[in-house]
Amino acid sequence: MISFLFYVFSALALASAVMVVTRKNPVSSALFLVMTFFCLAGIYVLMDAFFLAVVQVAVYAGAIMVLFLFVIMMLNLSPDELPAFMNRRIKWAAAALAIVLTGSLLFLDLSRRLPASPAGELKGEVGALGDLIFGKFLLPFELTAVLLLMAIVAAVIMARREI
Amino acid sequence: MNPALWITLGKILVVFALTLGTVAYMTLAERKVSAIIQWRKGPNRVGIWGLLQPIADGLKFVFKEDYVPQTANKALHALAPMLTMAPALMTFAVVPFGSTLPIFGMEVKMIVADLSIGILFIFAIASLGVYGLAVGGWSSNNKYSLLGGLRSSAQMISYEISMGLSVIPIIMMSGTLMLTGIVDWQGNHLWFVITQPLSFLLFVISSFAETNRLPFDLPEAEPELVGGFHTEYSSMKFASFFLGEYANMITASALIVTLFFGGYHLPFIENLAFFDNHGFMLGMLHVITFMAKTAVWLFIFIWVRWSLPRFRYDQLMGLGWKVLLPLSLVNILIYGIIILGFGLGGTS
Amino acid sequence: MVNLNASIIVALLLFGIGTLGFLIRRNAIVVFMSVELMLNAVNLLLVTFSRMRVDLDGQVMAFFVMAVAAAEAAVGLAIIIAVFRKLRSIDLDKASLLRS
């Protein structure tokens, strides 16, 4: 059952990722991206990472993509103003590059023997994760807070002033 | 299939049917309560006391012409109402509406899924409610709809923050993210509305804004702002938006009850000796208590709508960002000091 | 049980699709979405490795990636809006002021 669900989520995630890249209309792209994020959250649940799955939905689907949608709506470009794809030559070169990159990554992955099943049970409970974040990773966590504050200030300045 | 799966399926069906039934009758309740407040009679032609009115309304919606603007994005225009309806109904999966009920010799928990991250699940799903409004406003290809969609998504994003922050002191005090754990903590100690009045106030104000109810119903201010994101909707698609709002209201009421009013607990009465050997009666008492509390909150939602005037948009944003957000941060600080200083709360 | 090797391959394919989108699109917002896609592929990989090694560190890393992605989205979209104000377009080919 879990294995079946995993393949369903993976197939959906990959299919909607392809749609994100190929749709001309940015709103469709954004909604397909939300779909991808949902499927990834599903995969996280299957891998016992419950907290991460919820954060994935809340942060990516609930905050970041809403921001994207908000900006797309605010600019509200008409269909003929929408820039679409690079010209054909660049497109083929880019496709070749992406395929080579993915292929070499796949080759690297397949050439080494990783265990298909984990060594034991993993408790993806919030408490254990919290202990790590507020213990071993306390400094990075605090730095993330500073980073977010900086992002807020930067976004406000960029949006206000004519640059 | 194993019995646990059947029980879960049964619970999903019951919760679904109950929520949708309540949604239908909320439309009648809204009209009846507003009539009482305004010294009128309200709908009283269809059925006794207008009790069949929701069915008549439903039939009217079904038979209306479903008009889609020529320049609209057809697929997204049809998708938007579903995006509003689904999150509202999904949230109910983690709300405990009773303790346990012995059925056929099995102790059945009165909750669809008792997740260890219940509260986070609710906020994650609730944050998806924006999509329906934003996509609906954009896909209609009408400037009033677009502005309405922008307006309402900005409002929902702003109030989500103070809503999420207002719950953190509760998590700190009860030491758990499970909704059943929070309810039990209140059953063993005090209700959070007594120990945390400020969190309660912040949460209630934010949930009024999140459900787009008056005094914050700018997303659909029909007299002064040409409707909102649903200007170009008709027939069942409009009905989905309309019913989605009521479903959101029911979820919000259930959450307020669960987080601040002890959930299904009824102090003193549930400790009577009679219930010690009548498990089924105790289970029923809990379910009925929860429903009654939720009904009271639904009434308050309607009452507020017909009593208060509407905010102006800049006032609404100012309230969200300049008052509620700092207050909720201060609130977290205060309860952090109290919990650390006096050793209150926690799992201990 | 999730086949962890299959999950790694899914992550790599997602990364590839993201790269492709990043290279072939001219719409700045969609290019940005492709970057998000690539970040998510990395997150999936981190969670998979965390599951494989029975160690929560990978999940903590994925959590940090999400926080950084949120900051990046806010700043990036603000830049896109600033560019749009200047050029009245979000076509990346037209954002070539440094070149003239």
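Computed from a predicted structure; not experimentally measured. (Residues numbered from 1 in each chain as written. Chains lettered and ligands numbered in written order. Predicted model: local features only at pLDDT ≥ 70, side-chain atom pairs only at ≥ 80, totals over all residues. Heavy atoms only, no water.)

Caption draft 1: Molecular detail of the packing of helix α5 (residues 126-133) of chain A against helix α3 (residues 57-87) of chain C. Direction vectors running N to C along α5(A) and α3(C) enclose 75 degrees, while the axes themselves pass 10 Å from each other. Relative to α3(C), the element α5(A) is oriented roughly perpendicular. Here α5(A) contributes A:L129, A:L132 and A:I133 to the contact with α3(C), which in turn contributes C:D57, C:Q59, C:V60 and C:F63. Of the residues assigned to the contact of α5(A) with α3(C), the class counts are 5 nonpolar, 1 polar and 1 charged. (Axes fitted to C-alpha atoms, helices over the stretch in contact; angles between N-to-C directions. Helix = DSSP H or I, 4+ residues; strand = E, 2+ residues; numbered from the N terminus. Parallel < 35°, antiparallel > 145°, perpendicular 65-115°, else oblique. Contact = heavy atoms within 4.5 Å. Nonpolar A, V, L, I, M, F, W, Y, C, P; charged D, E, K, R; others polar.)

Caption draft 2: Representation of the interface of chain A and chain B within the structure. Between chain A and chain B, the residue contacts involve 21 residues of the former and 22 residues of the latter. Of the roughly 1,900 Å² buried between chain A and chain B on both sides combined, carbon and sulfur atoms contribute 81%. Summed over the three residues of chain A that lose the most area to chain B, namely A:V54, A:F70 and A:M73, the buried surface amounts to 31% of that side. At the boundary of chain A and chain B, one finds 0 salt bridges. The interface formed by chain A and chain B holds 1 residue pair in polar contact (both at pLDDT 80 or more) in total. Here the side of chain A that touches chain B gets 13 residues from one element, more than from any other, and that element is helix α3 (residues 50-75) of chain A. Its residues placed into classes, the side of chain A that touches chain B shows 17 nonpolar, 3 polar and 1 charged. (Buried area = accessible area lost by both parts, 1.4 Å probe. Salt bridge = Lys/Arg side-chain N within 4 Å of Asp/Glu carboxyl O. Polar contact = N/O pair within 3.5 Å; in protein donor to acceptor, adjacent residues only side chain to side chain.)

Caption draft 3: Structural context of the environment of B:W185. Along the chain, B:W185 turns up in helix α7 (residues 179-188). Separated by 139 residues in the primary sequence, B:W185 and B:V46 have C-alpha atoms spaced 46 Å apart.

Caption draft 4: Just the packing of aromatic side chains, in detail. Tallying each qualifying case throughout the model produces 20 aromatic pairs over all chains. Judged by centre distance (4.7 Å) and plane angle (40 degrees), the rings of A:F37 and A:Y60 are tilted. Of this pair, A:F37 sits in helix α2 (residues 26-46) while A:Y60 sits in helix α3, and the two are 23 residues apart along the sequence. The exposure class of A:F37 is buried, given its relative accessible area of 1%. Ring centres of C:F63 and C:F64 lie 5.9 Å apart, and the angle between their planes is 55 degrees; this geometry places the pair in the tilted category. (Phe/Tyr/Trp six-rings, centres within 6.5 Å; stacked < 30°, edge-to-face > 60°. Buried < 20%, exposed > 50% of the residue type's maximum accessible area, 1.4 Å probe, protein only.)

Caption draft 5: Just a nonpolar patch on the surface, in detail. Residues and elements named next belong to chain B. Together, Y25, I48, W49, L51, L52, I55, L59, V62, F63 and M236 line one region of the surface with nonpolar side chains, adding up to about 1,100 Å² of accessible area. With 4 residues, helix α2 (residues 53-63) is the largest single contributor of residues to the nonpolar patch. Tracing the sequence through the fold places F63 in helix α2. (Patch = residues over 30% accessible without salt bridge, like charges linked within 9 Å, V, L, I, M, F, W, Y side chains within 5 Å. Areas by Shrake-Rupley, 256 points an atom, 1.4 Å probe, with all protein chains shown as cover.)

Caption draft 6: View of the interface of chain A and chain C. Each side of the interface is counted separately: chain A has 88 residues, and chain C has 70 residues. Between chain A and chain C, roughly 7,300 Å² of surface is buried when both sides are summed, and carbon and sulfur atoms account for 78% of that area. The salt bridge involving A:K136 is made with C:D57; its shortest N-O contact spans 2.5 Å. For the pair chain A and chain C, the number of links is 5 residue pairs in polar contact (both at pLDDT 80 or more). Where the side of chain A that touches chain C is concerned, the elements lending two or more residues are α1 (2-22), α2, α3, α4 (88-111), α5 and α6 (138-160) of chain A. The leading source of residues in the side of chain A that touches chain C is α3(A), at 14 residues. Per-class residue counts for the side of chain A that touches chain C are 67 nonpolar, 10 polar and 11 charged.

Caption draft 7: Expanded view of the packing of helix α9 (residues 197-210) of chain B against helix α10 (residues 235-260) of chain B. All names here are of chain B. For the pair α9 and α10, interaxial distance at closest approach is 11 Å and the crossing angle is 170 degrees. As the angle between them shows, α9 and α10 are arranged roughly antiparallel. Between α9, through S199, F200, F203, V204 and S207, and α10, the contact on the second element is made entirely by A252, L255, I256, L259 and F260. Of the residues in the contact of α9 with α10, the class split is 8 nonpolar, 2 polar and no charged.

Caption draft 8: Fine view of the nonpolar core. In terms of nonpolar packing, the biggest core is built from 155 residues, with A:M65, A:F68, B:F203, B:L259, B:F260, C:I29 and C:M33 touching the most fellow members. Here this core takes 17 residues from α3(A), the largest share from any one element. Lining this core are residues from two domains, each supplying at least three of them: domain 1 (1-78) and domain 2 (123-163) of chain A. Once you skip the residues sitting within four places of it in the chain, C:M33 turns out to touch A:V20, A:P26, A:S29, A:A30, A:L33, A:M65, A:F68 and A:I72. (Core = buried A, V, L, I, M, F, W, Y, C linked by side-chain atoms within 4.5 Å. Domains from an automatic or database assignment.)

Caption draft 9: Seen up close, the confidence of the model for chain A. For chain A, the mean per-residue pLDDT works out to 84, and 89% of the residues sit at or above 70. Confidence, expressed as mean pLDDT per element, reaches its minimum in chain A at α4(A) with 81 and its maximum at α2(A) with 92. (pLDDT = per-residue confidence, 0-100.)

Caption draft 10: Quick look at empty space enclosed by the protein. All names here are of chain B. Inspection of the entire model under this criterion finds 3 cavities of 30 Å³ or more. Estimates place the volume of the largest cavity at around 220 Å³. Residue lining of the largest cavity: 18 residues in total, with A126, M163, E210, T211 and N248 positioned closest to the centre. Those elements that place two or more of their residues in the lining of the largest cavity are α3 (74-90), α4 (118-126), α6 (143-174), α9 and α10. Looking at the lining of the largest cavity residue by residue, the class counts come to 10 nonpolar, 7 polar and 1 charged. (1 Å grid on protein atoms, 1.4 Å probe; cavity = no way out; pocket = protein on both sides within 12 Å on 5 of 7 lines; lining within 4 Å. Points joined across faces, edges and corners; volume = space filled by probe spheres on them.)

Caption draft 11: Spotlight on the layout of surface pockets. Of the volumes computed, that of the second largest pocket is approximately 830 Å³. Taken together, 24 residues line the second largest pocket, and the ones lying closest to its centre are A:F9, A:G42, A:V45, B:L115 and B:F121. Looking at the lining of the second largest pocket, the elements with two or more residues in it are α1, α2 and α3 of chain A together with α1 (3-37) and α4 of chain B. Counting residues per element, the lining of the second largest pocket draws most heavily on α2(A), which supplies 5 residues. Split by residue class, the lining of the second largest pocket holds 22 nonpolar, 2 polar and no charged.

Caption draft 12: The domain arrangement of chain A, seen in detail. Examined at the domain level, chain A breaks down into domain 1 (1-78) and domain 2 (123-163). Taking only C-alpha atoms into account, the centre of domain 1 of chain A sits 22 Å from that of domain 2 of chain A.

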